[in-house]
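# Geometric and topological summary
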Amino acid sequence: MKMYQLFIRLLMIILVFYIIANIFIAVINPETFLFSKKLSGEKAILYLLLNALIGIILLALLLTKNYQNGIFLSILYFGYNIIEKYIAYQTLSPFAILSLIVSVLALIYFKLEM
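In this text, all values refer to a predicted model and were calculated from it rather than measured experimentally. (Residues numbered from 1 in each chain as written. Predicted model: local features only at pLDDT ≥ 70, side-chain atom pairs only at ≥ 80, totals over all residues. Heavy atoms only, no water.)

A word on the overall build of the chain. Check the secondary structure of the chain and you find four helices and two strands. Walking the chain from its N terminus toward its C terminus, one meets helices and strands in the order α-β-β-α-α-α. Here the chain has a C-alpha radius of gyration of 15 Å; the compact-globule value for 114 residues is 13 Å, and the two agree. In terms of overall dimensions, the chain has C-alpha extents of about 45 × 25 × 20 Å along its principal axes. Sequence separation of 24 or more characterises 66% of the internal contacts of the chain that already satisfy a separation of 6 or more. Total accessible area on the chain is roughly 7000 Å²; 73% of this is exposed by carbon and sulfur atoms. Seen as two clouds, the 8 positive and the 4 negative side-chain charges of the chain have centres 8 Å apart. (Helix = DSSP H or I, 4+ residues; strand = E, 2+ residues; numbered from the N terminus. Rg over C-alpha atoms; globule rule 2.2 N^0.38 Å. Contact = heavy atoms within 4.5 Å. Areas by Shrake-Rupley, 256 points an atom, 1.4 Å probe, with all protein chains shown as cover. Lys, Arg positive; Asp, Glu negative; His and termini not counted. Charge placed at Lys NZ, Arg CZ, Asp CG, Glu CD.)

A word on the layout of surface pockets. A volume near 400 Å³ is recorded for the largest pocket. If you trace the largest pocket, you find 18 residues lining it, with Tyr18, Ala21, Asn22, Ile25 and Lys85 closest to the centre. Looking at the lining of the largest pocket, the elements that each hand over two or more residues are α1 (3-28), β1 (31-34), α2 (42-63), α3 (67-89) and α4 (94-113). Residue classes in the lining of the largest pocket are distributed as ten nonpolar, six polar and two charged. (1 Å grid on protein atoms, 1.4 Å probe; cavity = no way out; pocket = protein on both sides within 12 Å on 5 of 7 lines; lining within 4 Å. Points joined across faces, edges and corners; volume = space filled by probe spheres on them. Nonpolar A, V, L, I, M, F, W, Y, C, P; charged D, E, K, R; others polar.)

Counting 24 residues, the largest nonpolar core has Ile8, Leu15, Leu62, Tyr67, Ile71 and Phe78 as its most contacted members. Counting residues per element, the ones that place at least two in this core are α1, α2, α3 and α4. Setting aside residues up to four positions removed in sequence, Leu15 forms contacts with Gly55, Leu58, Leu59, Leu62, Tyr77 and Phe78. Core analysis: the next-biggest nonpolar cluster, separate from the first, contains five residues, Ala26, Leu39, Ala44 and Tyr47 among them. (Core = buried A, V, L, I, M, F, W, Y, C linked by side-chain atoms within 4.5 Å. Buried < 20%, exposed > 50% of the residue type's maximum accessible area, 1.4 Å probe, protein only.)

Coordinates in, geometry out; function isn't part of it.
Shown next as structure tokens:
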């Protein structure tokens, strides 16, 4: 197995965790922050499910072996989530940082293998 394939599989696992987390939060307790503005109720459900849908689209790109677009868009996706969480909570989650690092490493190793 090549290194970029390992990082892409890790990226897919992380995306699945993000998707499941967003869906659970939308179902159990629909509250979230959008750039330090608290959303609750239907607005929060819509935002969380939209975030999960974007993750599903990225996962589908990676599963169909469209690696270059999938990895690049996942870097943007995780970067947005890190910035949004930092603005809302003034802290960085280790899992969010790990997801961005895995995305960048997947892109680097994918480009090196080409």
